[in-house]
Amino acid sequence: MNMNWIAAALEETFNLPVRHFSGQPQANPLSLARKKLAHQDLRQYASEAILPKMDVSPSVPPIPPSGHRGHLNRLAVESKTDRNLDTLYAMDNFEKIAEEFSMLNLPAVQKGDSDVDPDNGGGIVVPALGFQISSVVPIGKPSDVDRVLRWVMEYPLATVNHMMHLVYPQTTDYTIQRGSDEGDDRGVFRWATWGRDESTITEAQDTWSESVLVFVQPPWILTPRDFEAFVNLRAFPPFNGSKPLKSIERLWAKIWDICSQKRSHWFVLTTYWGWVFGAFSQGRSRAFTSEIIPFNLKLPTVVQCLFSWFACAIAGQIHPHGAWAIPEVSGEAQNHNAVQPCTYRSICRKRKRLKERDALLALALKP
């Protein structure tokens, strides 16, 4: 049966690329049998895993020519007194750090039983040469930021989340969680968190566990030239109520604000086409960023970079070899948002909350 007309109809109706539905010949079962599953050699898999190409919908605004800035990144962010970000640094040799960390910490022997993550959905889905990966997720060509976020969450984040669970079983309660809507900015800016599932938190110290925030802007909003301006900025302006922030300064402010609110020091900024890995100092007055990593970079791959960043963020809990640490800043004042007291809800299981609250009250009132 000729499937070309079905493929064309699906693409036109749902804006899905033909490659997912075309009647192309299936891979030879014998050749698939010779391929490994990713969990059988995560070290080699991560070094071969290249993100699928993301083509954007023809309906999106045209991306400016090379070397030209965009003018659509209008984030609703203002200067404020308690945002103490000051100096921004470029990390040295990030690509080498990520590659060496992955080769050192990812096993070349089997870990776990499956590439699939039945508890959280998804699993290892980024294609890799020489590996049998289940299927490509048909997300379609993005026409808005929400669909770009889906490409980020359902390909690289889902893949690395499952890799972390396989290599470090103590991270099984870490999940990819979609961030809240951003009000006026929701059309140009979205985010997700890799961190502890709040419903599993039972100890007070867990409320201070590090997480990684992944910020997403479409490539027609954060253009290649704008992305370069973001990583090349070296000083964030002090508060000035009469002078509005520039476009890239507003993006830095947005990231700083959400990281402070979520008490996270580690972040990723991506358009899917490009990836930057960053971190704030303990008092949040300094920031450190990598160069822009293209989605199809082969050494290191984005999968290797994400694995390295996730593992380094929680190195104090999993103790990997050769973890990069955020540099200490001498004399830096502690940011008031860095640590906040935990709430009763954060240290008690939901089903036992009322019973334990009554017990605590009884103890408090006991003479």
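Further up the page is the structure itself.
This structure is a prediction, so every number in the text was calculated from the model and none was measured. (Residues numbered from 1 in each chain as written. Predicted model: local features only at pLDDT ≥ 70, side-chain atom pairs only at ≥ 80, totals over all residues. Heavy atoms only, no water.)

Novice: Sorry if this is basic, but what is going on with the overall build of the protein chain here?
Specialist: When its secondary structure is counted, the protein chain shows 11 helices and eight strands. For the protein chain, the proportion of its 367 residues judged to be buried stands at 47%. At a minimum sequence separation of 6, the contacts of the protein chain that also span at least 24 residues come to 74%. Of the roughly 18,500 Å² that the protein chain leaves accessible, carbon and sulfur atoms contribute 53%. (Helix = DSSP H or I, 4+ residues; strand = E, 2+ residues; numbered from the N terminus. Buried < 20%, exposed > 50% of the residue type's maximum accessible area, 1.4 Å probe, protein only. Contact = heavy atoms within 4.5 Å. Areas by Shrake-Rupley, 256 points an atom, 1.4 Å probe, with all protein chains shown as cover.)

Novice: What should I look at first to understand the packing of aromatic side chains in this one?
Specialist: Each aromatic ring pair is characterised by the separation of its centres together with the angle its planes make. Using the criterion set out here, one finds 23 aromatic pairs in the structure. Taken together, a centroid distance of 6.3 Å and an interplanar angle of 75 degrees make the contact between Trp252 and Phe280 edge-to-face. Of this pair, Trp252 sits in helix α7 (residues 247-262) while Phe280 sits in strand β6 (residues 274-280), placing them 28 residues apart in sequence. In this structure Phe280 comes out as buried when scored by relative accessible area, which is 0%. Measuring from centroid to centroid gives 5.8 Å for Trp266 and Trp324, while their planes differ by 85 degrees, and the two rings are edge-to-face. Pair noted here: Trp266 is in strand β5 (residues 266-270) and Trp324 is in the loop between α9 (315-318) and α10 (344-347), with a separation of 58 residues, a long-range link. Put simply, the rings of Tyr89, Phe94, Trp266, Phe277, Phe288, Trp309 and Trp324 touch in pairs and so form one group of aromatic residues. One residue, Lys254, lies across the ring of Phe189, its end atom 5.5 Å from the ring centre. (Phe/Tyr/Trp six-rings, centres within 6.5 Å; stacked < 30°, edge-to-face > 60°. Lys NZ or Arg CZ within 6 Å of the ring centre and 35° of its normal.)

Novice: Is there a simple way to think about the side chain of Ser79 in this case?
Specialist: Mapped onto the elements of the fold, Ser79 is located in the loop between α3 (42-48) and β1 (87-90). We classify Ser79 as buried; its relative accessible area is 19%. Side-chain polar atoms of Ser79 contact the backbone nitrogen of Asn240, separated by 3.4 Å. Not counting the four nearest positions on each side in its chain, Ser79 is found in contact with Pro238, Phe239, Asn240 and Leu245. (Polar contact = N/O pair within 3.5 Å; in protein donor to acceptor, adjacent residues only side chain to side chain.)

Novice: Looking at this model, I keep getting lost on the environment of Arg286. Mind explaining?
Specialist: Examined against the element boundaries, Arg286 turns out to sit in strand β7 (residues 286-289). Each C-alpha atom of the pair Arg286 and Ala235 lies 9.3 Å from the other, and the pair is 51 residues apart in sequence. Excluding anything up to four places from it in sequence, Arg286 contacts Leu85, Asp86, Thr87, Tyr89, Ala279, Phe280, Ser281, Val329 and Glu332. Within the structure, the side chain of Arg286 is placed 2.9 Å from the side chain of Ser285, a separation counted as a polar contact.

Novice: Looking at this model, I keep getting lost on the packing of helix α5 (residues 145-167) against helix α8 (residues 302-313). Mind explaining?
Specialist: Packed helices, taken two at a time, are described by their axes: the angle between them and the distance between them. The interhelical angle for the contact between α5 and α8, taken along N-to-C directions, is 55 degrees, at an axis separation of 10 Å. Considering their axes alone, α5 and α8 lie oblique with respect to each other. Crossing angle aside, the handedness with which α5 passes α8 is right-handed. For the pair formed by α5 and α8, the contact residues are Pro156, Leu157, Val160, Met163, Met164 and Val167 on the first element and Val303, Leu306, Phe307, Phe310 and Ala311 on the second. Residue composition of the contact of α5 with α8, by class: 11 nonpolar, no polar and no charged. (Axes fitted to C-alpha atoms, helices over the stretch in contact; angles between N-to-C directions. Parallel < 35°, antiparallel > 145°, perpendicular 65-115°, else oblique. Left-handed = near helix turned anticlockwise from the far one by under 90°. Nonpolar A, V, L, I, M, F, W, Y, C, P; charged D, E, K, R; others polar.)

Novice: I keep staring at α7 and nothing clicks. Help me out?
Specialist: Think of an α-helix as turning once every 3.6 residues; residues three or four places apart then point the same way. Look at α7: 23 Å from first C-alpha to last across 16 residues, which is about the 22 Å you get at 1.5 Å a residue. Of all the 16 residues making up α7, 12 are buried; the element is thus mostly covered by neighbouring parts of the structure. Those residues of α7 not exposed but buried are Ile248, Glu249, Arg250, Leu251, Trp252, Ala253, Lys254, Ile255, Trp256, Ile258, Cys259 and Ser260. Looking one or two places after α7, you find Arg263, whose phi comes out positive at around 55 degrees. (Expected span 1.5 Å × (residues − 1).)

Novice: When you look at the packing of helix α4 (residues 94-105) against α8 in this model, what are you seeing that I'm missing?
Specialist: Taken N-terminus to C-terminus, the directions of α4 and α8 make an angle of 80 degrees; their axes are 8 Å apart at the nearest point. Classified by the interaxial angle, the pair formed by α4 and α8 is roughly perpendicular. When α4 is examined against α8, the residues Phe94, Ala98, Phe101, Ser102, Met103 and Asn105 are found in contact with a partner set consisting of Gln304, Cys305, Phe307, Ser308, Trp309, Ala311 and Cys312. In terms of residue class, the contact of α4 with α8 is made up of nine nonpolar, four polar and no charged.

Novice: Even after reading the chapter, I still don't get unusual backbone geometry, so can you show me in this structure?
Specialist: A negative phi angle is the norm for most residues apart from glycine, just as the trans form is the norm for most peptide bonds. Residue Pro300 is bonded to the preceding Leu299 through a cis peptide linkage, with omega at 0 degrees. With respect to the secondary-structure elements, Pro300 resides in the loop between β8 (293-294) and α8. Here the phi dihedral of Asn93 falls at roughly 60 degrees; this positive angle occurs in a residue that is not glycine. Within the secondary structure, Asn93 is located in the loop between β1 and α4. Residue classification places Asn93 among the exposed positions, given a relative accessible area of 55%. Even without being glycine, Arg263 reaches a positive phi, approximately 55 degrees.

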